[in-house]
Amino acid sequence: PGPSGYGPPGYGPPVLKPGVVPLRPLTLSDMFNGAVAYIRANPKATLGLTTIVVVVAQVIALLLSLWPFAFTDDLAQSFDGEDVSTGAMVSLVVSNLGSSLTTVLSTILLSGLLTVVIGRAVFGAGITIGEAWRRLRPRLWALIAFTVLEALGAIVLIGVVVAVIVGVAIAGNGWAAFFVGAPLVFALVVALVYLATMLAFTPAAIVLERRDIISSVKRSFSLIKGDFWRVFGIRLLAVLVAQLVAGAVAIPFTIGGQVMLGVSAGFGGELLALGLLSVGAVVGQIVTGPFSAGVVVLQYTDRRIRAEAFDLVLQTGAAAGQGAPPESTDDLWLTGPR
């Protein structure tokens, strides 16, 4: 049988498909095919955009990682197994934090831009990189703030569990800490997975529905609570597919890097090997980043269709035809309950 309320497949009027997905409740294949189709339909705003953001972020992260050693011999000494100075170690920690922050910010920027791109692709409309940035720019700070709050929440939960286990170990013994800590750690993992899934649509609500953080969080919970396991399963499968593809793409670079590390005895060869390994990771991220972002937005679209008959709203926008301005469909995402 077909999706609830839509009758068995093969009956009734043909389903409208102006863009990358049909305007009806989506199946798993619809989401995965749509996540690939929007990349093929607009490669400049997907692969090109991803390449720009990822490469720039990686270059900045590399520079931040190496700058503590730029004017000293500490980097060469570390490769030779010699001790580095305390100041260099502190600088290294700070620079690594800076490079990690750069990576996080680039991920936020990229996911927001790709959300705008696929929001248009649902209607079959293209968008330039510049226009995607103009549409995202007013929502960028909200995306960053949400990511920071999400990370702080996870840190607090982990900190509470660690503090309880350490307290029990100090007050009792190792066995008591184990019997208390094992279920706590299991509960922590379950809680983190649950919250990550329930918050999955928050960025889409911030960008496409232009909501504030609080209402976006509530929106994500309301959309997912009735279909948690389906959302979680599709997200997990998409992550596994993306990791497999990224690993396969990076294999030549990984082999080359490992060979260079094995045969090179000099400092330059070691840097070249590390560079090859980094290039493999970058290429894998460029290939899989748009796919992962596309699956999340299409899941969000599917949940709105199933919960709010949002396909009728999408069909209203599609009825305007190809001659309508592409930006005319952007406001259709605002039609959910406020």
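Structure: see above.
These numbers come from a predicted model, not from an experiment.

Peer 1: Mind showing me how you'd approach the nonpolar core here?
Peer 2: A general feature of soluble globular proteins is that nonpolar side chains tend to end up buried together. Core analysis: the largest hydrophobic core is formed by 59 residues, its most contacted members being Y38 and V122. For this core, the element with the highest residue contribution is helix α11 (residues 267–308), accounting for 9 residues. With near-sequence residues (within four places) excluded, Y38 lies in contact with V20, T46, L114, V117, I118, A121, P290, A293 and G294.

Peer 1: When you look at the packing of helix α7 (residues 174–198) against helix α9 (residues 213–224) in this model, what are you seeing that I'm missing?
Peer 2: To describe two helices that pack against each other, one gives the angle between their axes and the distance between the axes. One way to put it is that α7 packs onto α9 with a least axis distance of 8 Å and a crossing angle of 100°. The angle between the axes of α7 and α9 places the two elements in the roughly perpendicular class. Touching Y194, L195, T197 and M198 of α7 are S220, F221 and I224, all from α9. Taken together, the residues that form the contact of α7 with α9 break down as 5 nonpolar, 2 polar and no charged.

Peer 1: Explain the pattern of salt bridges to me, please; I cannot follow it from the model alone.
Peer 2: Between side chains of opposite charge, pairing is possible as soon as their charged atoms come close. Tallied over the full model, the rule gives 14 salt bridges. With a closest N to O distance of 3.6 Å, R303 and D227 form a salt bridge. Of this pair, R303 sits in helix α11 while D227 sits in the loop between α9 and α10 (228–263), placing them 76 residues apart in sequence. By the burial criterion, R303 is buried, and D227 matches it. Here the residues in one salt-bridge network are E209, R211, R219, R304 and E308, joined through shared partners.

Peer 1: Would you mind showing me how to read the side chain of T301 here?
Peer 2: Mapped onto the elements of the fold, T301 is located in helix α11. Filtering out sequence-adjacent residues up to four positions away, T301 remains in contact with L314 and W333.

Basis of the calculations
- Residues numbered from 1 in each chain as written.
- Predicted model: local features only at pLDDT ≥ 70, side-chain atom pairs only at ≥ 80, totals over all residues.
- Heavy atoms only, no water.
- Core = buried A, V, L, I, M, F, W, Y, C linked by side-chain atoms within 4.5 Å.
- Buried < 20%, exposed > 50% of the residue type's maximum accessible area, 1.4 Å probe, protein only.
- Helix = DSSP H or I, 4+ residues; strand = E, 2+ residues; numbered from the N terminus.
- Contact = heavy atoms within 4.5 Å.
- Axes fitted to C-alpha atoms, helices over the stretch in contact; angles between N-to-C directions.
- Parallel < 35°, antiparallel > 145°, perpendicular 65-115°, else oblique.
- Nonpolar A, V, L, I, M, F, W, Y, C, P; charged D, E, K, R; others polar.
- Salt bridge = Lys/Arg side-chain N within 4 Å of Asp/Glu carboxyl O.

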